[in-house]
Amino acid sequence: MKHEIKIMNATQLEQANSEAIANNYNRTLNLGKFYESVRKFGYDPRDVKYPVFPLIMHERAEGKITEPHMRVEVIGPYDDTGMVMKAVLDCPMEVYKKLSVYDYNASEVKSIN
């Protein structure tokens, strides 16, 4: 599997997190705190597209063998000092495979200064 940077919206993030919790995966998010941090920097969490970096294919939950899932790093807002937040999530493969690949050529770089 090619490991590319992908994009996740709030609905996909919530779905992946709910499934991770239901499957007892080791890495899940406290979405309330995650979204609170996003709001702190003036963004509506429902409107943000979150970059998702694949870390490792993972096959364990609570020390037991499970279906393969992708451990990902979800990136939140930046401020003038750099990245404000990031979180690690065990993303079910069904969700991960459906995520759009980040298109560098089509993106618009926004200045944080």
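Residues numbered from 1 in each chain as written. Predicted model: local features only at pLDDT ≥ 70, side-chain atom pairs only at ≥ 80, totals over all residues. Heavy atoms only, no water.

## Structural notes on the packing of helix H1 (residues 10-22) against helix H2 (residues 31-40)
Helix packing for two helices is described by the angle between their axes and how far apart those axes are. This is how the line gets drawn: Lines fitted to C-alpha atoms define the axes, with helix axes restricted to the stretch in contact, and inter-axis angles between N-to-C directions lie between 0 and 180 degrees. Secondary structure elements are defined from DSSP: runs of H or I of at least 4 residues count as helices, runs of E of at least 2 residues count as strands, and each element is numbered from the N terminus. For classification purposes, an angle smaller than 35 degrees is called roughly parallel, one larger than 145 roughly antiparallel, one from 65 to 115 roughly perpendicular, and anything else oblique. Whether a crossing is left-handed or right-handed is set by the direction in which the near helix is turned from the far one by less than a right angle, anticlockwise for left-handed and clockwise for right-handed. A contact between two residues is defined here by any heavy atoms of the two lying within 4.5 Å.
At a closest axis distance of 12 Å, the pairing of H1 and H2 adopts a crossing angle of 155°. The orientation of H1 relative to H2 falls into the category roughly antiparallel. In this structure, the crossing between H1 and H2 has a hand that is right-handed. Between H1 and H2, the residues in contact are Ala10, Leu13, Glu14 and Asn17 and Leu31, Phe34 and Tyr35, respectively.

## Some details on H1
Inclusion rule: Take the residue count of a helix, subtract one, and multiply by 1.5 Å to get its expected span. When accessible area is computed with a 1.4 Å probe and restricted to protein chains, residues below 20% of their type maximum are described as buried, those above 50% as exposed, and intermediate ones as partly exposed. In this description, one arc is meant: the one made by directions from the helix axis to the C-beta atoms. We define a polar contact as two N or O atoms separated by no more than 3.5 Å, with the added condition that, inside protein, one atom must be a possible hydrogen donor and the other a possible acceptor, whereas residues neighbouring each other in sequence contribute only through side-chain atom pairs.
Between its first and last C-alpha atoms H1 spans 18 Å; for 13 residues at 1.5 Å apiece the expected length is 18 Å, and the two agree. Within H1 the residues assigned to the buried category are Ala10, Leu13, Ala16, Asn17 and Ala20. The buried residues of H1 occupy an angular sector of 130° when projected down its axis, which confines them to one face. Residues of H1 that are buried sit in contact with strand E1 (6-8), H2, strand E2 (50-61), strand E3 (64-75), strand E6 (86-92) and helix H3 (93-98). Looking at where H1 begins, the residue whose side-chain oxygen comes 3.1 Å from the main-chain nitrogen of threonine 11 is asparagine 9. Of the residues flanking the end of H1, it is asparagine 24, one or two places downstream, whose phi is positive at about 60°.

## A few points about the confidence of the model for the chain
For clarity, the cut-off: pLDDT measures the predictor's confidence residue by residue and takes values from 0 up to 100.
Put simply, the chain has an average pLDDT of 86, and 82% of its residues get 70 or more. Looking over the chain, one finds the lowest element-wise mean pLDDT in strand E4 (residues 78-79), namely 62, and the highest in H1, namely 96. Segment residues 109-113 is flagged for pLDDT under 50; beyond a separation of four residues in sequence, or across chains, it makes four contacts in the model.

## What to know about the nonpolar core
Defined as follows: For our purposes a nonpolar core is just a set of buried Ala, Val, Leu, Ile, Met, Phe, Trp, Tyr and Cys residues, chained together by side-chain atoms within 4.5 Å.
Ranked by internal contacts, the top residues of the largest apolar core, which has 26 residues, are Leu13, Phe34, Tyr50, Val72 and Leu89. Listing elements by their share of this core, those giving two or more residues are H1, H2, E2, E3, E6 and H3.

## A few points about the environment of lysine 98
Summarising the element assignment, lysine 98 is placed in helix H3. When its relative accessible area of 66% is taken as the criterion, lysine 98 is described as exposed. Spatially, the C-alpha atoms of lysine 98 and methionine 8 are 9.6 Å apart, while their sequence positions differ by 90 residues.

## Brief notes about the pattern of salt bridges
Here is the rule we go by: Here, a salt bridge means any side-chain nitrogen of Lys or Arg that lies within 4 Å of a carboxyl oxygen of Asp or Glu.
Applying the stated criterion across every chain yields a total of three salt bridges. Note that arginine 46 is salt-bridged to glutamate 14, the shortest N-O span being 2.4 Å. Placement of arginine 46 in the loop between H2 and E2 and of glutamate 14 in helix H1 is noted, with a sequence separation of 32 residues between them. Here arginine 46 falls in the partly exposed class, since its relative accessible area comes to 46%. With a relative accessible area of 25%, glutamate 14 lands in the partly exposed category. A salt bridge links lysine 86 to glutamate 73; the shortest N-O distance between them is 3.4 Å. Of this pair, lysine 86 sits in strand E6 while glutamate 73 sits in strand E3, placing them 13 residues apart in sequence. By relative accessible area, which is 18% here, glutamate 73 ends up buried.

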